[in-house]
Amino acid sequence: KDVMSSPLASVPLEATLKEVAQVIIGGNSRLGVFEGNSLVGVITASDFIKTLPKDEGLVDDFMVKSVVLVDQEMPLRAIVDMLGRNRIGSVIIAQKEKPMGIFTERDLFSSFLATGKTLSTKVGPACSSPLITVPAGTSIQQVAATMALKHIRHLPVVSGDKVVGIITARDLAKVYAK
């Protein structure tokens, strides 16, 4: 009660995907879906991974180009601070400046807090690795398929061996919002 988000952002059951996407990219990551006064479901940005319109462009058109790369030796405390300060959901983990994994908010809960590790723990051993990526120029449909198949919400985009961007489930909602 003291920490929940309120009021619950919501959409009617009759809302189009475009309308829902516009609300999601406006900053509401989870929406209650109502039929009249009854809550009948919840829709999130991740739900946009499951279905996309055809021929909607390339990952380059929707990815975020500023990516945070951190060393595997960095303690979790610094990573958590970075996620919050930058209002981002993931950072790329590097070993000697070479991308080797990703650390997400989900990793924070499942790999650290749920297992009782301290905030001084180094992030490298608990990041999601190997790093799953797509090359720049990949179709948005292939991006969504990769995210759905791999059950991920953050997908780095590479050119050669360099990370040039990242696309998230929320970014996919922008495809519908246009």
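Structure's up top.
Residues numbered from 1 in each chain as written. Predicted model: local features only at pLDDT ≥ 70, side-chain atom pairs only at ≥ 80, totals over all residues. Heavy atoms only, no water.

A.B. asks: Help me out: how do you make sense of the packing of helix H4 (residues 140–150) against helix H5 (residues 169–177) in this one?
C.D. replies: The geometry of a pair of packed helices is captured by two quantities: the angle between their axes and the separation between those axes. Their axes nearest at 11 Å, the elements H4 and H5 cross at an angle of 140°. With respect to their mutual orientation, H4 and H5 come out oblique. Relative to H5, H4 is oriented so that their crossing is left-handed. In contact with Ile140, Val143, Ala144 and Met147 of H4, H5 contributes Ala169, Leu172 and Val175. (Axes fitted to C-alpha atoms, helices over the stretch in contact; angles between N-to-C directions. Helix = DSSP H or I, 4+ residues; strand = E, 2+ residues; numbered from the N terminus. Parallel < 35°, antiparallel > 145°, perpendicular 65-115°, else oblique. Left-handed = near helix turned anticlockwise from the far one by under 90°. Contact = heavy atoms within 4.5 Å.)

A.B. asks: What is the right way to look at the environment of Val163 in this model?
C.D. replies: Positionally, Val163 belongs in strand S9 (residues 162–168). Note on Val163: relative accessible area 16%, which makes it buried. Apart from the residues lying within four places of it in its own chain, the contact partners of Val163 are Val67, Pro99, Pro156, Val157 and Val158. (Buried < 20%, exposed > 50% of the residue type's maximum accessible area, 1.4 Å probe, protein only.)

A.B. asks: Before we go on, may I ask you to explain the sheet that holds strand S3 (residues 38–44) in this structure?
C.D. replies: Whenever strands of a sheet pair, they do so through backbone hydrogen bonds, lying parallel or antiparallel. If you walk across this open sheet you meet the three strands as S1-S2-S3, and the pairing is mixed. Each edge of the sheet is formed by a strand with only one pairing partner; in this case those strands are strand S1 (10–12) and S3. The mean inter-strand angle of the sheet, taken between neighbouring strand axes irrespective of direction, is 35°. Alignment of strand S2 (residues 30–35) against S3, held across six bridges, turns out to be antiparallel. What sits directly across from Leu31, in S3, is Ile43. Contacting S1, S2 and S3, helix H1 (residues 17–25) crosses the sheet at an angle of about 145° to S2. (Pairing = 2+ DSSP bridges.)

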